[in-house]
Structure formats: C-alpha cells, structure tokens
Amino acid sequence: MNTMTEPRTATYPHAPVGVIDSGMGGLSVLREIRALLPAEALCYVADSGFVPYGSRPATEIRNRAETLVRFLLGQQVKAVVVACNTATAAAARSLRDRWPGLPIVAMEPAVKPAVAATRSGVVGVLATEGTLGSARFAGLLEQYAGRVEVITQPCPGLVEAVEQGDLDGPLVGRLLERYLTPLIDAGADTIILGCTHYPFLRERIREMAGARLQLIDTGAAVARQLRRRLDEAGLQASVDVSPMHRFWTTGDPGAMHRFLARHWPEPEAEVGIVDDDWRRRPG
Ligand code: DGL
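Note that residues are indexed from 1 along each chain, following the sequence as it is written. It should be noted that, the model being predicted, local features are given only for residues of pLDDT at least 70 and side-chain atom pairs only at 80 or more, the latter also being counted only at that level, while totals for whole chains, interfaces and linings use all residues. Side-chain metrics rest on all non-hydrogen atoms present in the structure, leaving aside hydrogens and water.

Enquirer: Explain the overall build of the protein here, please?
Expert: Elements are defined by DSSP. Helices are runs of H or I of four residues or more, strands are runs of E of two residues or more, and each kind is numbered from the N terminus. Counting its secondary structure elements, the protein contains 11 helices and 10 strands. Values of the radius of gyration come from C-alpha atoms, whereas the globule rule sets the reference at 2.2 Å times the count of residues to the power 0.38. Against the globule reference of 19 Å for 283 residues, the protein gives a C-alpha radius of gyration of 18 Å, in line with a compact fold. In terms of overall dimensions, the protein has a C-alpha envelope of 55 × 45 × 40 Å along the principal axes. Residue exposure (1.4 Å probe, protein chains only): buried if accessible area is under 20% of the type maximum, exposed if over 50%, otherwise partly exposed. Expressed as a percentage of the 283 residues in the protein, the buried residues total 52%. Only the protein chains shown count as cover for residues, and the accessible areas themselves come from Shrake-Rupley with a 1.4 Å probe. Summed over all atoms, the accessible surface of the protein reaches about 12800 Å², with 49% contributed by carbon and sulfur. In the protein, the 31 positive side-chain charges and the 32 negative ones have mean positions that sit 4 Å from each other. Residues counted as positive are Lys and Arg, residues counted as negative are Asp and Glu, and His and the chain ends are not counted. Where a charge sits is defined by one atom per residue type, namely NZ (Lys), CZ (Arg), CG (Asp) or CD (Glu).

Enquirer: I keep staring at the environment of Phe-200 and nothing clicks. Help me out?
Expert: Along the polypeptide, Phe-200 turns up in the loop between β7 (190-193) and α9 (202-209). Here the alpha-carbon distance between Phe-200 and Pro-182, two residues 18 residues apart in the chain, equals 21 Å.

Enquirer: Is there a simple way to think about the site of the ligand in this case?
Expert: The nearness test applies per residue and asks whether one of its heavy atoms lies within 4 Å of the molecule or strand. Within the structure, the ligand sits among 14 residues, and Ser-22, Tyr-53, Gly-54, Asn-85 and Thr-86 are positioned closest to it. Pairs of N or O atoms are called polar contacts if they sit within 3.5 Å, as long as, within protein, a hydrogen donor faces a hydrogen acceptor (for residues adjacent in sequence, only side-chain-to-side-chain pairs). Gly-54 places a polar main-chain atom, nitrogen or oxygen, 2.8 Å from an oxygen atom of the ligand. Contact between the ligand and Asn-85: an oxygen atom at 2.8 Å from a main-chain N or O atom of the residue. Protein contacts shield 99% of the accessible area of the ligand, which totals 300 Å² for the unbound molecule. Think of it as three bins: nonpolar holds Ala, Val, Leu, Ile, Met, Phe, Trp, Tyr, Cys and Pro, charged holds Asp, Glu, Lys and Arg, and polar takes everything else, Gly as well. Looking at the shell around the ligand residue by residue, the class counts come to 6 nonpolar, 7 polar and 1 charged.

Enquirer: Could you clarify how one ought to interpret the layout of surface pockets in this entry?
Expert: One way to see where empty space is left: roll a probe the size of a water molecule over the atoms. Put simply, the largest pocket is a space of about 370 Å³. Using only the protein atoms, space was sampled on a 1 Å grid; points where a 1.4 Å probe fits but cannot get out form cavities, open sets with protein on both sides within 12 Å along at least five of seven lines form pockets, and lining residues are those with an atom within 4 Å of a point. Lining the largest pocket are 19 residues, with Ala-106, Met-107, Glu-108, Thr-218 and Ala-221 sitting closest to its centre. Elements represented by at least two residues in the lining of the largest pocket include exactly α4 (111-117), α6 (135-144) and α10 (219-232). If one sorts the elements of the lining of the largest pocket by residue count, α10 sits on top with 5 residues. Grid points are joined across faces, edges and corners, and a volume is the space filled by probe spheres set on the points.

Enquirer: It is not clear to me how the sheet that holds strand β9 (residues 245-249) should be interpreted in this structure. Could you clarify?
Expert: Sheet strands line up and pair through hydrogen bonds in the backbone, either parallel or antiparallel. Strand order in the open sheet formed by 6 strands is β4-β3-β1-β2-β9-β10, with parallel pairing between adjacent strands. In this open sheet, the two edge strands, each paired with only one partner strand, are β4 (104-105) and β10 (271-273). Paired strands, as defined in this entry, are two strands with at least two bridges between them according to DSSP. Across 2 bridges, the pairing between strand β3 (residues 79-82) and β4 is parallel. Its bridge partner lying in β4, Val-81 is registered against Val-105. Contacts are assigned to residue pairs with any non-hydrogen atoms lying within 4.5 Å of each other. As a rule, the C-alpha atoms of each element are fitted with a line to give its axis, helices using only the stretch in contact, and angles between N-to-C directions run from 0 to 180 degrees. With respect to the sheet, helix α1 (residues 27-36) is in contact with β1 (17-21), β2 (42-46), β3 and β9, its orientation differing from that of β2 by roughly 175°.

Enquirer: Explain helix α2 (residues 58-74) here, please?
Expert: Residues spaced three or four apart along an α-helix face the same direction, because each turn holds 3.6 residues. To estimate the expected span of a helix, count its residues, drop one, and scale the result by 1.5 Å. Between its first and last C-alpha, α2 extends 24 Å over 17 residues, near the 24 Å set by a 1.5 Å rise per residue. Considered for burial, the residues of α2 that qualify are Glu-60, Ile-61, Arg-64, Ala-65, Glu-66, Thr-67, Leu-68, Val-69, Phe-71, Leu-72 and Leu-73. In this fold, the buried residues of α2 make contact with β1, β2, β3, α3 (85-98) and β9. After α2 finishes, the residue Gln-76 shows a positive phi value of roughly 65°.

Enquirer: Would you mind showing me how to read the environment of Ala-83 here?
Expert: For Ala-83, the location among the structural elements is in the loop between β3 and α3. The spacing of Ala-83 and Ala-114 is 31 residues in sequence and 19 Å in space, taken between C-alpha atoms. Those residues in contact with Ala-83 that sit more than four places away from it in its chain are Val-19, Ile-20, Asp-21, Gly-26, Val-29, Met-107 and Thr-196.

Enquirer: I tried to follow the pattern of salt bridges on my own but got confused; where do I start?
Expert: For side chains of opposite charge, pairing can occur when their charged atoms come near one another. Basic side-chain nitrogens of Lys or Arg form a salt bridge, by our definition, when they fall within 4 Å of a carboxyl oxygen of Asp or Glu. Considering all chains together, one arrives at 10 salt bridges under this definition. The shortest N-O distance in the salt bridge between Arg-64 and Asp-47 comes to 2.8 Å. Residue Arg-64 is located in helix α2, and its partner Asp-47 is located in the loop between β2 and α2; the two are separated by 17 residues in the primary sequence. Taking relative accessible area as the criterion, Arg-64 reaches 1% and is therefore assigned buried. Classification of Asp-47 as buried rests on a relative accessible area of 0%.

Enquirer: How do you make sense of the packing of α2 against α3 when you look at a structure like this?
Expert: When two helices pack together, their arrangement is given by the angle between the helix axes and the distance between those axes. Packing of α2 against α3 leaves a shortest axis separation of 8 Å and a crossing angle of 55°. The angle between α2 and α3 places the two elements in the oblique class. The two elements α2 and α3 cross, and the hand of that crossing is right-handed. Residues Ala-58, Ile-61, Arg-62, Ala-65, Glu-66, Val-69 and Arg-70 of α2 pack against Thr-86, Ala-87, Ala-90, Ala-91, Ser-94, Leu-95 and Arg-98 of α3. In terms of residue class, the contact of α2 with α3 is built from 8 nonpolar, 2 polar and 4 charged. Any angle from 65 to 115 degrees is called roughly perpendicular, while one under 35 is roughly parallel, one over 145 is roughly antiparallel, and all others are oblique. Each crossing is labelled by how the near helix is turned from the far one, with a counterclockwise turn of less than a right angle marking it left-handed and a clockwise turn marking it right-handed.

Written as structure tokens, this is what we have:
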C-alpha cells in the first residue's frame, strides 16, 4: 500500500478523539470518556451496518476496524479508542502496526479486577463468541485467573436487541435469564460485562440477579487509560474549550438518533452517514 495516501494523525490538543464500535455499544464507553474528559471533542462511529461483529471472522473485523479508523483520521483525530472488546481481540494489534504514531486505546474483559473482587471464587464472563474464542482472551485467563474459576458465556442476540433499543422487552429478559442462570447456579458472585453493549442492560441484570452480584465493565478504566495516553503525548484538551461531539453510523441514522435521544446527554445530537465508499464490504 502507498503510505503517502494514508491520512495523518492530528497532533494538537484540540483535535478530537475518535471512538469506534460495531454499533451503539461504544456509547457506554463514550459516556465515561465524556465524564472524565469533558474538554475533549469526540467523534464516534458506529459500524451498525455490519453489526454484530461477534460472529464474524477476525479478518473481516480487522478490515472494518481499519476502514473506521481511516475515516476518523480523515476527521483529524489525535487518538482512537476501540470501544469494542471483539474488535480489540481481532484488530488492536493490526491497527497499532498500521498506525504506529497514533495513540490507540483498546479494551478487553475485566478479568483481573473481577478475579480480585470475587468472594465466592467463581467469576462469570458475558461476551461475544469472537472475544471468548480469541487468543487474547485465553492469554488474559492464563495471566490473571489463578485459582478462580472463570466461566464464559457467549450471548447471541443481546447485541442485536441493544442495537434496536430493545432494553426493556421480554426478549432481553429471556436471553438474560438463559445466559445468567448457569453462571449464578455455578456460584458466580461477580459477572464481567465483556461487551460494550451490555452495560446498557445493567439495570435488567440487576433486576434479575439482585444487588449481591457484582457487575464489572471496563468503560471507566478505558477513559482513564485514554487520559494517561493523552497526557503522555501532551495532547489533552484544556478545560476552557467547549467541545464538539459528532456521531456517524454505517447503518440507519434514525436508529442511532433514537438511541442517542435516550442514552446521550445531548439528545439532539446530529448523526452523519458514513459514505458509500466506506460501506464496501471488506474483502
Ligand atoms: N460491542 C462489542 C464488544 O464490545 C461487539 C458487539 C458485536 O458487534 O458483536 O464486543
């Protein structure tokens, strides 16, 4: 590939931070970033035209992630957050290889904090097939599980329900019951929400499983890691700036609009469509 055609990373503090996910899930991370770093301008791209990533081959997810990052670089971002566990497992390394000068913050299921938090010695992990089947996740278990029993549970259907904004309906209730029951029956007292879509189901999980179950996700930790990376690079925006928050999707902008109206503090946020050029299927 001709590197002359690669868009360049912005290197000034008031440039935006780019955030990607397969869809709406990354908004659970974006709200943590907004809370911790209120001066940062944010560009969010939901790849909802290609959701779910969870059952796609890793090569396809890598291509999608590269496409989204290239789009964001065209928006002059100074850093990228991969707000998706599945995309991190498949693509974090290739993104870092391709753009070595770009600060890239990625995320993975919170095995280490969950192992530290459990009292029963049993931890459950809810995540996508792609995440649970990845070498990266196997490495996490090997490094941190120790004597704690970690039970994994793929959750087909949950991401799709969240994408449709169906957080309160009976379908989600049935799916959660199916996925949580084996974990609770096995004695899990701590559940890792290993997909960024699942924090939107936190209340439902609480209703079903009660307050004794600890639910752990990594959105806040990712925001802190982003702050560290921006600090190290001298790229943190100053507090007197009132930042832009911009949204794009490769899917239905109406669906994203409805989701933002319910889950983002600026309900009138505009949603752009990522061009047809960017919508080509990979491969
Ligand atoms: N939100 C994503 C994650 O954190 C992926 C969901 C999907 O598209 O399957 O894993």
